[in-house]
Amino acid sequence: MAHHARAKAHTNIALSKYWGKRDNDLILPMNGSLSLTLDAFHTTTEVRFVEERGADTVVLNDQPLDASAAAKVSRFLDRVRELKGVDWRAEVRSYNEVPTGAGLASSASAFAALAAAASQALGLKLSERELSILARKGSGSASRSIFGGFALWQAGHDDQSSYAYPLQSPLHDDIAMLVVVINAAHKPVSSREGMRRTVETSPYYPAWVDDAEQRLGEMKQAVVEGDFTRMGELAEMSAMRMHASMLAAEPPFCYWESGSLQAMQTVRELRAQGHQCYFTMDAGPNVKIITRTSELAVLKRALAATVGEQALLTARPGPGIVVENC
Ligand code: DP6
């Protein structure tokens, strides 16, 4: 019997951000979040279990993964093996289809694809909710990449109540994201370390948690009702407040670079001229612009003047996870 499966997952960008954990082991978040899955960036992962004990092998884009990243994958696979009650070793082969130098985090699509491929390879029949719970334990944002389009990850109060689910929205067919690559280099503070430091030391963090939950409700309503303007305003606010909490950490840290500020300013100027665009930023210097498909050409022209055309990537809503036996 072949224990071999393949899954493809797309990455997502949060419009209402997840920042901070209540439980580092189970990856339970302090607050819920809402995201858009993107079509342009995805991970395809194949997992084969061999019915014998031994070390797992993990290959990413045809290169063996470094020891600490491979250990993280193995720890995650232990959770899947435990669900099935086996101790078989795994061979993992993964391809990240993120344009070279995009500087975009791939842990969301990576752990969503790994969760789906590994559980399918072992014949576990997980529902989408169970898959979201499993992927969450690899990387929080991966819980949302099980679904296409908009997804809401509810914080929950324990392992079984913290999962993502899809949201239908009239915005789906007309929304686009323009990624402005400011710097593709590896980030100096990982989101995991950044969250931990913010939770433990930032006096602004409790305010973030209070506000984030309340705004998430408003964001959900804007998305479901198709209120683009409110959705954009809330997305910008969520990013700014998340980054404010980091500025107040000890030691403080900041992901923004001068190019990030320039891109944000361009977005504000275009908006003042009547264009529909809002920005968001994650744990890195790149700026993601939330806009309408019809506005893309204007935005690209305005941004190409400062960052260059090659630094711009366009994305539209992407599909949910696809999994198959090999
Ligand atoms: C700023 O999901 O990468 O992108 O759970 O520690 O793996 P871990 O963190 P991760 O954090 C994402 C943080 C963010 C906001 C978001 O995607 O909601």
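Just so it is clear, the structure is predicted and the values come from calculations on it, not from any experiment. (Residues numbered from 1 in each chain as written. Predicted model: local features only at pLDDT ≥ 70, side-chain atom pairs only at ≥ 80, totals over all residues. Heavy atoms only, no water.)

**Structural notes on the overall build of the protein chain**
And step 1. Along the backbone of the protein chain there are eight helices and 14 strands.
And step 2. Computed over its C-alpha atoms, the radius of gyration of the protein chain comes to 19 Å, within 12% of the 20 Å expected for a compact globule of 326 residues.
And step 3. Taking the principal axes of the C-alpha coordinates as reference, the protein chain spans close to 65 × 40 × 35 Å.
And step 4. Counting over 326 residues, the protein chain shows a buried share of 53%.
And step 5. Considering only residue pairs separated by 6 or more positions, the protein chain has 76% of its internal contacts joining residues 24 or more positions apart.
And step 6. Accessible area for the protein chain stands at about 13,900 Å²; split by element, carbon and sulfur atoms hold 49% of it.
And step 7. With 34 positive and 37 negative side-chain charges, the protein chain shows a separation of 1 Å between the mean positions of the two kinds. (Helix = DSSP H or I, 4+ residues; strand = E, 2+ residues; numbered from the N terminus. Rg over C-alpha atoms; globule rule 2.2 N^0.38 Å. Buried < 20%, exposed > 50% of the residue type's maximum accessible area, 1.4 Å probe, protein only. Contact = heavy atoms within 4.5 Å. Areas by Shrake-Rupley, 256 points an atom, 1.4 Å probe, with all protein chains shown as cover. Lys, Arg positive; Asp, Glu negative; His and termini not counted. Charge placed at Lys NZ, Arg CZ, Asp CG, Glu CD.)

**Some remarks on helix H2 (residues 107–121)**
In an α-helix, one turn spans 3.6 residues; hence positions three or four apart end up facing the same way.
And step 1. With 15 residues, H2 should reach 21 Å at 1.5 Å per residue; the first-to-last C-alpha distance of 20 Å fits that figure.
And step 2. Buried residues dominate H2, accounting for 12 of its 15 residues.
And step 3. Looking only at H2, the buried set comprises Ala108, Ser109, Phe111, Ala112, Ala113, Leu114, Ala115, Ala116, Ala117, Ala118, Ser119 and Ala121.
And step 4. In the core, the buried residues of H2 are packed alongside strand S1 (3–16), strand S4 (33–50), helix H1 (67–84), strand S7 (89–97), helix H3 (128–136) and strand S14 (322–325).
And step 5. Downstream of H2 by a residue or two, glycine 123 has a phi angle that is positive, lying close to 75°. (Expected span 1.5 Å × (residues − 1).)

**A few points about the domain arrangement of the protein chain**
And step 1. If you check the domain split of the protein chain, you get domain 1 (2–169) and domain 2 (172–315).
And step 2. Here the C-alpha centre of domain 2 lies 23 Å away from the C-alpha centre of domain 1.
And step 3. Each partner contributes residues to the interface: domain 1 has 37 residues there, and domain 2 has 43 residues.
And step 4. Roughly 3,100 Å² is buried in total at the junction of domain 1 and domain 2, and carbon and sulfur atoms are behind 70% of that figure.
And step 5. Three residues stand out in domain 1 for area buried against domain 2, namely Leu15, Lys17 and Trp19, and they jointly supply 28% of the buried area on that side.
And step 6. Inspection of the domain 1/domain 2 interface yields one salt bridge.
And step 7. Two residues, lysine 17 and aspartate 282, come together in a salt bridge whose shortest N-O distance is 2.6 Å.
And step 8. For the side of domain 1 that touches domain 2, the residue count by class is 21 nonpolar, 12 polar and four charged. (Domains from an automatic or database assignment. Buried area = accessible area lost by both parts, 1.4 Å probe. Salt bridge = Lys/Arg side-chain N within 4 Å of Asp/Glu carboxyl O. Nonpolar A, V, L, I, M, F, W, Y, C, P; charged D, E, K, R; others polar.)

**Topic: the site of the ligand**
And step 1. Around the ligand, a shell composed of 17 residues is seen, among which Tyr18, Lys21, Ser139, Ser141 and Arg192 lie nearest.
And step 2. Between the ligand and lysine 21 there is a distance of 2.7 Å, counted from an oxygen atom to a side-chain nitrogen or oxygen.
And step 3. The separation between an oxygen atom of the ligand and a polar side-chain atom of aspartate 282 is 3.3 Å.
And step 4. Looking at the shell around the ligand, its residues break down into seven nonpolar, five polar and five charged.
And step 5. Here the shell around the ligand spans two domains, and each of domain 1 (2–169) and domain 2 (172–315) adds at least three residues to it. (Near = heavy atom within 4 Å. Polar contact = N/O pair within 3.5 Å; in protein donor to acceptor, adjacent residues only side chain to side chain.)

**With respect to unusual backbone geometry**
Glycine aside, the phi torsion of most residues is negative, and most peptide linkages are trans.
And step 1. Note the cis peptide between glutamate 250 and proline 251, where omega equals -5°.
And step 2. Structurally, proline 251 can be placed in the loop between helix H6 (228–247) and helix H7 (258–272).
And step 3. A positive phi angle, close to 55°, is found at isoleucine 27, a residue other than glycine.
And step 4. Tracing the backbone shows isoleucine 27 in the loop between strand S2 (21–23) and strand S3 (28–29).
And step 5. Take isoleucine 27: its relative accessible area is 1%, and that puts it in the buried class.
And step 6. Located in the positive-phi region is aspartate 62, a residue other than glycine, with phi close to 70°.
And step 7. Tracing the sequence through the fold places aspartate 62 in the loop between strand S5 (57–60) and strand S6 (63–64).
And step 8. Relative accessible area serves as the criterion here: at 48%, aspartate 62 is assigned to the partly exposed category.

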